[in-house]
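Here is how the chains run, residue by residue.
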Amino acid sequence: MAKLALKIWICHSMKRGALPLTLGATILMCTALPVEAASLDDLVNDAIAHDATLASAEATYRAGLEREPEARAALLPHLGLTQSDFKNGIHVPGQPAAPYSTVGASLSLNQTVFKWDDWQSWQQSKLSVADAGLALASARQDLLLRVAQAYIDALAANDGLLLAQEHQRAVNEQLALTKRTFALGAATVVDLNEAQAAADAAQADLIHAQGVLNTRYASLQKIVGHPVDSVEPLDAKAGLPVVASDASDRWVADAQISGFDVKRREIALEIARREVSKADAGYMPSVSIIGSVSNGNAAFINGQTNFYTGANRATSGEIGIQISIPLFDGFSTVSKKREALALRDKAEDDLEDARRSAAFDARQSFLGVQDGLAQMAALRTAQQSAETALKSNQKGFRVGVRINADVLNAEDKLSGTRRDLAKARYDTLMQFLHLKASVAQLDQTTLSQLDSGSGASPAESGK
């Protein structure tokens, strides 16, 4: 990636005139510097550093951490200081009254001793912090899936381009052979037209494959935050998953326990249960320690109605227990309790749905891996048969026992089989990554194993 960054900087600097080189030297430098193909590890690291979705999730997590101290604050002492300086006047008909000042300061204390809803809010805040951590972990895993999908899509598109190029080469060779045999009188106009049509179709396929590849690179650029011109291919047997054929139930059970969505729904249910308990605070008394200290002139201490104008200052204070007992609130507490119970029932249903979805996703991904491996084995055999059939048809065309259409059909079949095999391989890898994600076990180590070609074993995935 360093070479790519250097090339981009040099070319950009020369375009701005920051480097005094001629146009010829500029073109030479920009084309001479090789673009290093990006590996999966490089792309993952760049995505973690630059992906906007993950950065948003991290900011949301930092904000979520503040819920606990905010809720705890209601249980801690609250102190307040008030400074007053008023000029006062009063008019009493028939009596003279001089203006006077009210000057002083008050320090107040409020310490909650028992307030059930504040206590439950604090416990809920701890659960919210745990949920924020799970949300961030889920976002990171989602990023790994997005990078892996974009990377594999780029590999598949690159393979598609190479296959299109190979198919075009083979079809053009057949067209050239048909032209020679036509000139010798051994082929018909129909053969020539068929060969030309196949060549034109191959050219169109090649153009389409190049467009798909450019789109896939653009998708990668969106995630990693810089242009991507090429990607390193995986090893021929890179990361082919190995999962026991009878391990489906274990994967499903783990997904119903360890899946991020399941864990978050469990936290949401516990928060809903505490919300029910918090609604009961409407029936409970609250107890607080109340205290205050005031210092000021007499008018401030004793109240403004005595019209005392002396300059002497005094101090007064009070402290005590304040108990508030709710008697009747217009049935508000009853309604809030019913609302909280309904939301608790909803949270229970959401948890059950999350468990079923986790089980479905894990089973679907597991079957996808198993089916993909079986399909790859079948397609390898089909590819060998298609290669043999193509060679036989080519020999038969040369000796006149096969027509041109037979050769072109065999070539198309071989090209399609190779394309299907590459797609099956990539689909199987992605199904395995989704299977790991369903049990919250997808991490950079898993992707590094794909990148290095070490594969994945049942021991690594805990199955």
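Right above here is the structure, for reference.
**Things to note about the packing of helix α6 (residues 116-183) against helix α9 (residues 260-279)**
Working step 1: One can describe the packing of α6 onto α9 by two numbers: an axis separation of 9 Å at closest approach and a directional angle of 170°. Regarding the angle of α6 to α9, the classification is roughly antiparallel.
Working step 2: Within the contact of α6 with α9, the residues separate by chemical class into 9 nonpolar, 8 polar and 8 charged.

**Details of the nonpolar core**
Working step 1: Counting residues in each nonpolar core, the largest one holds 41 residues, and the members touching the most others are L43, V147, Y151, V231, L433 and L447.
Working step 2: For this core, the secondary-structure elements that each account for two or more residues are α3 (40-50), α4 (52-65), α6, α7 (189-224), α12 (404-438) and α13 (444-452).
Working step 3: Each residue touching V147, except ones within four places of it in the same chain, is listed here: L40, L43, V44, A47, L220 and I223.
Working step 4: Residues V243, A255, V262 and A347 belong to the second largest nonpolar core, which totals 19 residues.

**Regarding the environment of P77**
Working step 1: Inspection of the secondary structure assignment puts P77 in the loop between α5 (67-72) and β1 (78-88).
Working step 2: Relative accessible area serves as the criterion here: at 47%, P77 is assigned to the partly exposed category.
Working step 3: Taking the C-alpha atoms as reference, P77 lies 9.8 Å from V113; in sequence the two are 36 residues apart.
Working step 4: Excluding anything up to four places from it in sequence, P77 contacts L109, N110 and Q111.

**What about unusual backbone geometry?**
Working step 1: Non-glycine residue F331 carries a positive phi angle of around 70°.
Working step 2: The topology assignment puts F331 in the loop between β4 (313-324) and α11 (332-399).
Working step 3: Even without a glycine there, the phi angle at A440 is positive, about 60°.
Working step 4: Here A440 lies in the loop between α12 and α13.
Working step 5: Take A440: its relative accessible area is 24%, and that puts it in the partly exposed class.

**Let's talk about α3**
Working step 1: Along α3, the residues classified as buried are L40, L43, V44, D46 and A47. For α3, the angular spread of the buried residues around the axis is 170°, confining them to a single face.

**Some thoughts on the environment of A359**
Working step 1: Relative to the elements of secondary structure, A359 occurs in helix α11.
Working step 2: The exposure class of A359 is buried, given its relative accessible area of 12%.
Working step 3: Separated by 102 residues in sequence, A359 and I257 have C-alpha atoms that sit 9.7 Å apart.
Working step 4: With residues up to four places along the chain from it excluded, the contact list for A359 reads V252 and Q256.

**Observations regarding the packing of α11 against α12**
Working step 1: At a minimum axis separation of 7 Å, α11 and α12 run at an interaxial angle of 160°. In this view, α11 runs roughly antiparallel relative to α12, as classed from their interaxial angle. Of the two possible hands of crossing, α11 and α12 adopt the one that is left-handed.
Working step 2: When its residues are assigned to classes, the contact of α11 with α12 shows 18 nonpolar, 14 polar and 7 charged.

**Focus on the layout of surface pockets**
Working step 1: By volume, the largest pocket is sized at about 450 Å³.
Working step 2: Around the largest pocket, the lining is made up of 20 residues, and of these A156, A157, G160, V212 and R419 lie nearest the centre.
Working step 3: Taken together, the elements giving at least two residues each to the lining of the largest pocket come down to α6, α7 and α12.
Working step 4: The residue makeup of the lining of the largest pocket, split by class, is 10 nonpolar, 3 polar and 7 charged.
Working step 5: Around the second largest pocket, the lining comprises 18 residues; the ones closest to its centre are Q141, D261, D361, A437 and S438.
Working step 6: At the level of secondary structure, the elements contributing two or more residues to the lining of the second largest pocket comprise α6, α9, α11 and α12.
Working step 7: Considering only residue class, the lining of the second largest pocket consists of 7 nonpolar, 7 polar and 4 charged.

**Details of the pattern of salt bridges**
Working step 1: According to the stated counting rule, one finds 21 salt bridges in the structure shown.
Working step 2: With a closest N to O distance of 2.8 Å, K346 and D350 form a salt bridge. With K346 and D350 both in helix α11 and 4 residues apart, this pair spans about one turn of that helix.
Working step 3: Take K346: its relative accessible area is 46%, and that puts it in the partly exposed class.

**Re the packing of aromatic side chains**
Working step 1: Counted according to the given criterion, the structure contains 3 aromatic pairs.
Working step 2: Note on F328 and F331: the rings are 5.2 Å apart at their centroids and 85° apart in plane angle, and the pair reads as edge-to-face.
Working step 3: Exposure remark for F328: the relative accessible area of 62% places this residue in the exposed category.
Working step 4: When its relative accessible area of 57% is taken as the criterion, F331 is described as exposed.

**Quick look at empty space enclosed by the protein**
Over the atoms rolls a probe the size of a water molecule, and its path tells where empty space is left.
Working step 1: If you walk through the whole model with that rule in mind, you get 2 cavities of 30 Å³ or more.
Working step 2: Quantified by volume, the largest cavity comes out at close to 40 Å³.
Working step 3: In this structure, the largest cavity is lined by L163, E166, H167, E411, S415 and R418.
Working step 4: Among the residues forming the lining of the largest cavity, the class breakdown is 1 nonpolar, 2 polar and 3 charged.

Criteria and cut-off values
- Along each chain, the written sequence defines residue order, and numbers are assigned to residues from 1.
- Owing to the predicted nature of the model, reporting of local features is limited to residues with pLDDT of at least 70; listing and counting of side-chain atom pairs is limited to 80 or more, with chain, interface and lining totals taken over all residues.
- Excluding hydrogens and water, the side-chain values take into account all heavy atoms of the structure.
- Axes, fitted as lines to C-alpha atoms, cover a helix only where it is in contact. Angles between the N-to-C directions of the axes lie from 0 to 180 degrees.
- Helix and strand assignments come from DSSP, with helices taken as H or I runs of at least 4 residues and strands as E runs of at least 2, each series counted from the N terminus.
- Roughly parallel refers to an angle under 35 degrees, roughly antiparallel to one over 145, roughly perpendicular to one between 65 and 115, and oblique to any angle outside these ranges.
- Residues are grouped as follows: nonpolar covers Ala, Val, Leu, Ile, Met, Phe, Trp, Tyr, Cys and Pro; charged covers Asp, Glu, Lys and Arg; every other residue, Gly included, is treated as polar.
- Nonpolar cores are built from buried Ala, Val, Leu, Ile, Met, Phe, Trp, Tyr and Cys residues. Side-chain atoms within 4.5 Å join them into one set.
- Residue exposure (1.4 Å probe, protein chains only): buried if accessible area is under 20% of the type maximum, exposed if over 50%, otherwise partly exposed.
- In what follows, residue pairs with any heavy atoms lying within 4.5 Å of each other are defined as contacts.
- Arc definition: directions from the helix axis to the C-beta atoms.
- It is the rotation of the near helix from the far one that decides the hand of a crossing: anticlockwise by less than a right angle makes it left-handed, clockwise makes it right-handed.
- Only protein atoms enter the 1 Å grid used here. Points where a 1.4 Å probe fits but cannot escape make up a cavity, open sets with protein on both sides within 12 Å along at least five of seven lines make up a pocket, and a residue lines them when an atom lies within 4 Å of a point.
- Grid points are joined across faces, edges and corners, and a volume is the space filled by probe spheres set on the points.
- Criterion for a salt bridge: a side-chain nitrogen of Lys or Arg within 4 Å of a carboxyl oxygen of Asp or Glu.
- Pairing of aromatic rings covers Phe, Tyr and Trp, the last through its six-membered ring, and needs centres within 6.5 Å; plane angles under 30 degrees mean stacked, over 60 mean edge-to-face, and all others mean tilted.

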